[in-house]
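Listed below, chain by chain, are the residues.
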Amino acid sequence: MKIRTRFAPSPTGYMHIGNLRTALYEYLIAKADAEGKFILRIEDTDQKRYVEGATEIIYKTLKRVGMNWDEGPDIGGDFGPYVQSERKTLYAEYAHKLVELGGAHYCFCSKEEADEEKDEEQNIKFEDPCKKLSLEDAKRRVAAGEPYVIRQTINKQGKSKYHDEVYGDIEIDYDELDEGVLLKSDGFPTYNFANVVDDHLMEITHVVRGNEYISSTPKYNLIYESFGWTPPHYVHVPPVMKDAQHKLSKRNGDASFQDLVAKGYLPEAIINYIALLGWNPGNDEEIFSLDELKKIFSVERLNRSPAIFDIVKLTWMNGQYIRKLSEAEFLDYARPYIEGSLKRKVDIQDLCRVLQPRLETFGDIPNQIDFLDEVPNYDNELYVNKKMKTDEAMSKTALELSLSRLETVSDWSNDNLFAELKALAEENGMKNGQIMYPVRIALSGKAATPGGATEIAVLIGKAETLQRIKTAIEKLS
Ligand code: GLU
């Protein structure tokens, strides 16, 4: 059997992290097989929800993370079209066929009656009077132009059973299944019908989707059965949660891939992180590229328990990926964040060298470098530091010493400045930190900065350095 999986997003205009994780698992299942195929299918039958440009976002996201599809709307394939709205006549054909096979029936009920069925609170089961019509009568009414929908027919008693690769053997009473609409009066299929027809015609072997579909899968299996088709392997995955009670939702900004990228998360880090939301490698390793995941992923290690999206963990992981970037790559990512927030002209390469070792997301850059433009208001308390053995009075002395020394320095490189201040400390019987720490505070006004005193001095230049130290001395007087 050749593995064929599909990612079947609805074009909603953004890529939910949970959907991207589904796509990732589909991709990895397909790519575990040298000949496996990963298919992209756009599920746009809900025309009310159509969002302009949404398909492009899906393409862009998958390409950006390196999950290239083997068949899809843009590249075609042997099982097209790959956009559901272009398959409309096909669904109608199969829906009528299903009626002939006894798996569905024509329903002429008014909308109100049909809507009652959805009244879950009162648990009213819609008893469709049209089921009593003979097929001949029903067909006559269809031919006469009466509006109708095609509904699934569920006459079975007892329990439906199927196997899920993650949740094991599932049993659901046929009684609990509703006879939902398969083909709407406008001729469009519902998801409940289109997914079955497409998965069969596209020869999909493994369906990965959220566990909210566990309870409707018996309905799909009945459709497969009526047509005499073989159902795919089912791989239901637990939802991605914001916390123990709430699903990660669109309103919470972290739910979408684009939002995370805009905040300065690297696509590679996002993919690595979401792979672990519902799957584990069976050991303590955590950092995996997509290529590594392809080699080690297995369905057996998917978990059933809901996964909580831990932004702190993702942020940590993002830092690991930032550290692995080359200088040039880092600069490319960082440039817009630097140029978009900093007014002072600084050597961007020097700045990046200072930022890269500690940065966790690119979105932190503006906050981390704001002091380069201007020293913020700060309290002289900042000069008191037990570890560095400094207080306000000692800091004032240190700054005065540093000022007269730095005024004489012409080689304004980090190495030289560091050597000068180190020598200055030694000459005065002070510890390095007793010079470096006050200078860093004077230059930045912040307890924590990317880079130390001399690195900051290089970035802002000699004149500004001397000026800032003078201002700090006055502030301490
Ligand atoms: N279009 C459905 C969704 O976005 C796909 C579900 C499935 O994979 O079958 O939820």
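Residues numbered from 1 in each chain as written. Predicted model: local features only at pLDDT ≥ 70, side-chain atom pairs only at ≥ 80, totals over all residues. Heavy atoms only, no water.

Caption draft 1: Up close: the site of the ligand. Near the ligand, the surroundings consist of Arg6, Ala8, Ser10, Glu43, Tyr191, Val208, Arg209 and Tyr213. One of the side-chain N or O atoms of Tyr191 is found 2.4 Å from an oxygen atom in the ligand. In the model, an oxygen atom of the ligand is placed 3.3 Å from a nitrogen or oxygen of the Tyr213 side chain. Isolated, the ligand exposes 300 Å² of accessible area, and the fraction of that covered by the protein chains is 83%. Each residue belonging to the shell around the ligand can be placed in one class, and the counts come to four nonpolar, one polar and three charged. (Near = heavy atom within 4 Å. Polar contact = N/O pair within 3.5 Å; in protein donor to acceptor, adjacent residues only side chain to side chain. Areas by Shrake-Rupley, 256 points an atom, 1.4 Å probe, with all protein chains shown as cover. Nonpolar A, V, L, I, M, F, W, Y, C, P; charged D, E, K, R; others polar.)

Caption draft 2: Fine view of the sheet that holds strand S4 (residues 149-152). An order of S3-S4-S7 is seen for the three strands of this open sheet, with the pairing classed as antiparallel. Taken across any chain shown, the strands that pair with only one partner, and hence form the sheet edges, are strand S3 (104-107) and strand S7 (181-183). Each strand of the sheet is rotated relative to its neighbour by a mean of 45°, with strand direction disregarded. Of the pairings in the sheet, the one linking S4 to S7 comprises two bridges and is antiparallel in character. Directly across from Arg151, in S7, lies its bridge partner Val181. Sitting on the sheet, helix H3 (residues 88-101) is in contact with S3, S4 and S7, with an inclination near 105° to S3. (Pairing = 2+ DSSP bridges. Helix = DSSP H or I, 4+ residues; strand = E, 2+ residues; numbered from the N terminus. Axes fitted to C-alpha atoms, helices over the stretch in contact; angles between N-to-C directions. Contact = heavy atoms within 4.5 Å.)

Caption draft 3: Inspection of the packing of aromatic side chains at higher detail. Counting across every chain of the model gives 19 aromatic pairs. Their ring planes at 80° and their centres at 5.7 Å tell us that Tyr94 and Phe227 sit as a pair that is edge-to-face. Of this pair, Tyr94 sits in helix H3 while Phe227 is found in helix H7 (residues 217-227), placing the two residues 133 residues apart along the sequence. Here Tyr94 and Phe227 have matching classes, each one buried. Pairwise contacts between aromatic rings join Tyr25, Trp279, Phe288 and Phe297 into one cluster. It is Arg4 that lies over the ring of Phe79; its NZ or CZ is 4.0 Å from the centre. Here the guanidinium or amino end of Lys88 rests over the ring plane of Phe188, the centre of that ring lying 4.4 Å away. (Phe/Tyr/Trp six-rings, centres within 6.5 Å; stacked < 30°, edge-to-face > 60°. Buried < 20%, exposed > 50% of the residue type's maximum accessible area, 1.4 Å probe, protein only. Lys NZ or Arg CZ within 6 Å of the ring centre and 35° of its normal.)

Caption draft 4: Molecular detail of the state of the cysteines. Enumeration over the complete set of coordinates arrives at zero disulfides. Free of any disulfide, Cys130 has its nearest cysteine sulfur in Cys109, 3.6 Å distant. Among the residues examined, Cys130 registers a relative accessible area of 9% and is labelled buried. (Disulfide = S-S within 2.5 Å.)

Caption draft 5: A look at the pattern of salt bridges. Under the counting rule described, the total for this entry stands at 30 salt bridges. A salt bridge links Lys131 to Glu179, with the shortest nitrogen-to-oxygen separation between them at 3.0 Å. Of this pair, Lys131 sits in the loop between helix H4 (111-116) and helix H5 (135-143) while Glu179 sits in the loop between strand S6 (168-173) and S7, and the two are 48 residues apart along the sequence. The residue Asp137 makes a salt bridge to Arg140 at a minimum N-O spacing of 2.9 Å. Residue Asp137 and its partner Arg140 are both found in helix H5; the two are separated by three residues, about one turn of the helix. Several salt bridges share partner residues, and in doing so they unite Arg6, Glu26, Arg41, Glu43, Arg87, Asp198 and Asp199 into one network. (Salt bridge = Lys/Arg side-chain N within 4 Å of Asp/Glu carboxyl O.)

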